[in-house]
Amino acid sequence: MPRENRKRGKKHKKPAAEPDVAQEQVSFEQPEAAEAGPSWIIQKPEDTAEMDPEAPFGYLDADVKAYFRTVDVQMRQWQDGSADIEEEEKRAFFVAALTEMNEKEKQLATDPDCSLILERVVHSMDDFARRVFADRLAGSYEVLSKHRFASHVIQTLINVAGETVTRETKGNFPAESPSELLTMTELLLDISDELIPSLSILLNDAFASHIVRAILSLLAGLPSTMPSNTHSKKSKQWKDRQGEMRNLFEADNKIEQPVVPPSFGEKAVTAIRMCRKSLSANEVRACAASKVACPSLDVLIVVEAKTGLSNEPGSLMDSVTTGIVADILSGKSLPAEPSSYIATLLKDTTSSHLLETVLTYAPQPVFDALWATHLCPNGAAGKLAVHPVSNYVLARAVPRANEAQLESLGRSWWSKAVKAGRMGVVKAVVDRAAELKQGAEGLWASVKDAFGVGEDHKTEEAINCVLCVKTVEDFRATEIPEPNVQGALLLQSLLRLPEPHNAELIEDILALPLPSLQSLAHHPVSSRILDVLLDAESVPKKAKTRFVMAWLGHYHELVDDRIGSRVGERCWKWCDTYTKEKIARSVMDQEQALAASFYGKYFARGLNLYLLRKKPYEWRDFVARNVEAAKPIQKQEPVVTAAQISPPKTKKKRKQEEDEIDILFKKAKKSHMGALEAPVAAVETTPPQKKRMKEEDEMDTLFRKTTKSQKGAPEDDIKPSTGVNATVLAAIRAAPSGDKKKRRH
């Protein structure tokens, strides 16, 4: 049979095999044997589900997260100003968000997306809402402080709570506040009681360490701008990308120095003593070398110094300084060799900040011991001054040095500092000499020697070498040298030296050619030197006048620049009225060029050249009034004279320009001068401007009446006048009539 004609038979399912019941083994669960004991004891079921560290209080619903995302978008639009809405609707929207947040505060704080939204909401809360929010988190602050996202919410709450505590300390409480709700002051004390027992653990936690810094700074009343209390560069950049966080309903007036009650200081002392008790000296020194714990230990040492607990054996400062505090208090002699631990702190990028704080707040005997043994042993400070890390520590210590310690530093290492490009210690020495007003002899000459500038070099080259922080050889080898910030700061410090010691530098600056001065004035770094030249009290007035007068005829070139216009404004602000008039007259020919300049037009507007050209006396009065207005406000009421009152503007042209009536009035007044010289009974108090306006109004009335009588009106309608008015009327009648028109020939 062909293959295509073949048919396949039907498939038959095989019968299912019946299970063999006999082979099945039925297993019965046997109840566990009850443990021995009373029958009323029930065994606790084993909790096999462990707490999720990412969400210790549970996860949020997707709908709730979506709602708070819309809240975040709306608040960002309001903060950026891209959306405008009425205040009532904005408050209603915010109250609805707070209502939705009820009983979900902990879940929102631990959520990766909503924690940042919660920070934005906290900034816009009023004092009552902040108290409610802080109360809802009570008992969970230790867990939240160790969380990656919730720790930032706690830090934001503590920072904004400083404003509420300041208002409560001054007696400003919300109008309607339930008595059972604790104040923010009481809540922060409870938070401190919750965190202080585990302070040594939180100190070394990567997420909780900044909470320790925030709460201790607030308890001690430290300013919020402390370097150890601010965000890192990476954290700040990330915060900036999230948009601005500020109060939506009130002006964001940040309080840099909070006002705290005395109970906060007592709680800070308790925290310091608890930290001493829980940490040994070795553990404290280990914290100093830790990147996580070192910033918090920095704040602890500052709080310890503020509360007066540093000068005690076993203090945190004593542990960091390897027992120097205890040795000084007990009268023991200091070790001859410096401590290797402190030498390590000097050169470590993390621990050097802590050592700077120790040198700033250490008692004077401790500072002297550290200076003699570690900073400047036997006058050898050159290695530390040029080290990339320790030079910052030495520069921080120099402002506390006395005259003998300042002299022990020496100046032989300055050339090494110039080659290394580290001028921080040199600038600190100059600043300290200016403050002590001692040891400033020959500082400018020593600086020039360090840069390799001799007597045969030009003055311009010396200024440029210091400004660019380059030796003479390096400066000449550079094609386009750029001013350096360190060099500009050094020159500013040299200008602030007492008058005999800064005279040589001032002469060198004033001796620069005008193109070089203009290049200095047009650079954002070097222009600050000229600002100090005008503002410093140590610079004599004669030198400032020479500098201002050197620009006469070239002010239009100076102010035709973004930076140069600011220097020109400073010159104008410093001058007196006489010098200002010279400056204004020197730029009169360049008025059109200044008006066309993008930056010079603002300088030209302040000169008011049109008023100077038309009415120079009024211009001088105007400038003098501006000078008086720029002075500090005194409590005495200013006396306004009649000469300072500007006459009101009138619409009638004949009141501004003299016509025939004014000329006739003057003639009549001169002809009847004897009648006007009669003694006056009372002194006239009417201002000259008002008196003139009154006389002009009378002249208008007389002129209208005279015109009416000439046109045929009866003379009886004109009331007789006496005095000056009668004389003027007679002069008007005697004047020839000008109604007749001349015929054209």
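Just so it is clear, the model here is predicted, and its values are computed rather than measured.

## Thoughts on the overall build of the protein chain
Reasoning step 1: Counting secondary structure elements, the protein chain contains 43 helices and zero strands.
Reasoning step 2: Counted over contacts in the protein chain with a minimum sequence separation of 6, partners at least 24 positions apart contribute 70%.
Reasoning step 3: Of the roughly 45,200 Å² of accessible surface on the protein chain, a fraction of 52% belongs to carbon and sulfur atoms.

## What to know about the pattern of salt bridges
Reasoning step 1: This model, assessed by the stated rule, comprises 28 salt bridges.
Reasoning step 2: One salt-bridge network, held together by shared partners, links Arg528, Asp531, Asp535, Arg566 and Arg570.

## Re the confidence of the model for the protein chain
Reasoning step 1: Within the protein chain, residue pLDDT values average 81, and 75% of them lie at 70 or more.
Reasoning step 2: When mean pLDDT is taken per element in the protein chain, helix α28 (residues 485-495) scores highest with 96 and helix α41 (residues 673-676) scores lowest with 40.
Reasoning step 3: A low-confidence stretch, residues 705-724 stays under pLDDT 50, and its non-local contacts, those more than four residues away or across chains, total ten contacts.

## Details of unusual backbone geometry
Reasoning step 1: Phi is positive for Lys437, which is not a glycine, with a value near 60°.
Reasoning step 2: Structurally, Lys437 is set in the loop between α24 (424-436) and α25 (443-450).
Reasoning step 3: Residue class for Lys437 comes out exposed when judged on its relative accessible area of 66%.
Reasoning step 4: Positive phi values are uncommon outside glycine, yet Val469 reaches one of about 55°.
Reasoning step 5: Residue Val469 is classed as buried on the basis of its relative accessible area of 11%.

## Quick word on the side chain of Glu119
Reasoning step 1: As for its position among the elements, Glu119 is in helix α4 (residues 114-123).
Reasoning step 2: Among the polar contacts listed, one links the side chain of Glu119 to the side chain of Thr156, at a separation of 2.8 Å.

## Here we look at the environment of Asp561
Reasoning step 1: Within the secondary structure, Asp561 is located in the loop between α33 (555-558) and α34 (562-574).
Reasoning step 2: Considered as a pair, Asp561 and Ala521 are 40 residues apart in the sequence and their alpha carbons are 9.2 Å apart.
Reasoning step 3: In this structure Asp561 touches His522 and Tyr599, once residues within four positions along its chain are discounted.

## Observations concerning helix α13 (residues 281-288)
Reasoning step 1: Among the residues of α13, those classed as buried are Val284, Cys287 and Ala288. Buried residues along α13 cover an arc of 105° about the axis, so they all sit on one side.

## Examining the packing of aromatic side chains
Reasoning step 1: Under the definition given, this model contains eight aromatic pairs.
Reasoning step 2: Aromatic pair Tyr67 and Phe68: ring centres 5.4 Å apart, planes at 80°, arrangement edge-to-face.
Reasoning step 3: The exposure class assigned to Tyr67 is partly exposed, which follows from its relative accessible area of 28%.
Reasoning step 4: Its relative accessible area of 3% is what places Phe68 among the buried residues.
Reasoning step 5: Seen in terms of ring centroids, Trp572 and Phe603 are 6.4 Å apart; in terms of plane orientation they differ by 80°. Their pairing is edge-to-face. With Trp572 in helix α34 and Phe603 in helix α37 (residues 600-607), this residue pair connects regions lying 31 residues apart in the sequence.
Reasoning step 6: Of the aromatic side chains, those joined through ring pairs into one cluster are Tyr555, Trp572 and Phe603.
Reasoning step 7: A cation over a ring is seen here: Arg400 above Phe367, with NZ or CZ 4.7 Å from the ring centre.
Reasoning step 8: Over the ring of Tyr617 we find Arg620, and its NZ or CZ is 5.2 Å from the ring centre.

## Comments concerning a negative patch on the surface
Reasoning step 1: Residues Asp84, Glu86, Glu88 and Glu89 make up a contiguous surface patch of negative charge.
Reasoning step 2: In this structure, Glu86 sits in the loop between α1 (62-80) and α2 (87-100).

## Some details on the packing of helix α12 (residues 262-278) against helix α14 (residues 294-306)
Reasoning step 1: Interhelical geometry of α12 versus α14 gives an angle of 120° and a closest axis separation of 10 Å. The pairing of α12 with α14 is recorded here as oblique in orientation. For the pair α12 and α14, the crossing hand works out as left-handed. Here α12 contributes Ala268, Ile272, Cys275 and Arg276 to the contact with α14, which in turn contributes Leu300, Val303 and Glu304.
Reasoning step 2: Split by residue class, the contact of α12 with α14 holds five nonpolar, no polar and two charged.

## Quick word on the environment of Ser340
Reasoning step 1: Examined against the element boundaries, Ser340 turns out to sit in helix α17 (residues 340-347).
Reasoning step 2: According to the relative accessible area criterion, Ser340 is exposed, its value standing at 61%.

## Some details on the state of the cysteines
Reasoning step 1: Applying the stated criterion to the full structure yields zero disulfides.
Reasoning step 2: No disulfide involves Cys465; its nearest neighbouring cysteine sulfur is the one of Cys468, lying 7.5 Å away.
Reasoning step 3: In this structure Cys465 comes out as buried when scored by relative accessible area, which is 0%.

## A few points about the nonpolar core
Reasoning step 1: Formed by 176 residues in total, the largest nonpolar core has its most connected members in Phe133, Leu188, Leu297, Trp371, Leu494, Phe547 and Tyr555.
Reasoning step 2: Residue contacts for Leu494: discarding those within four places in its chain leaves Val430, Leu443, Trp444, Val447, Asn502 and Leu505.

Cut-offs applied
- Residues numbered from 1 in each chain as written.
- Predicted model: local features only at pLDDT ≥ 70, side-chain atom pairs only at ≥ 80, totals over all residues.
- Heavy atoms only, no water.
- Helix = DSSP H or I, 4+ residues; strand = E, 2+ residues; numbered from the N terminus.
- Contact = heavy atoms within 4.5 Å.
- Areas by Shrake-Rupley, 256 points an atom, 1.4 Å probe, with all protein chains shown as cover.
- Salt bridge = Lys/Arg side-chain N within 4 Å of Asp/Glu carboxyl O.
- pLDDT = per-residue confidence, 0-100.
- Buried < 20%, exposed > 50% of the residue type's maximum accessible area, 1.4 Å probe, protein only.
- Polar contact = N/O pair within 3.5 Å; in protein donor to acceptor, adjacent residues only side chain to side chain.
- Arc of directions from axis to C-beta.
- Phe/Tyr/Trp six-rings, centres within 6.5 Å; stacked < 30°, edge-to-face > 60°.
- Lys NZ or Arg CZ within 6 Å of the ring centre and 35° of its normal.
- Patch = residues over 30% accessible without salt bridge, like charges linked within 9 Å, V, L, I, M, F, W, Y side chains within 5 Å.
- Lys, Arg positive; Asp, Glu negative; His and termini not counted.
- Charge placed at Lys NZ, Arg CZ, Asp CG, Glu CD.
- Axes fitted to C-alpha atoms, helices over the stretch in contact; angles between N-to-C directions.
- Parallel < 35°, antiparallel > 145°, perpendicular 65-115°, else oblique.
- Left-handed = near helix turned anticlockwise from the far one by under 90°.
- Nonpolar A, V, L, I, M, F, W, Y, C, P; charged D, E, K, R; others polar.
- Disulfide = S-S within 2.5 Å.
- Core = buried A, V, L, I, M, F, W, Y, C linked by side-chain atoms within 4.5 Å.

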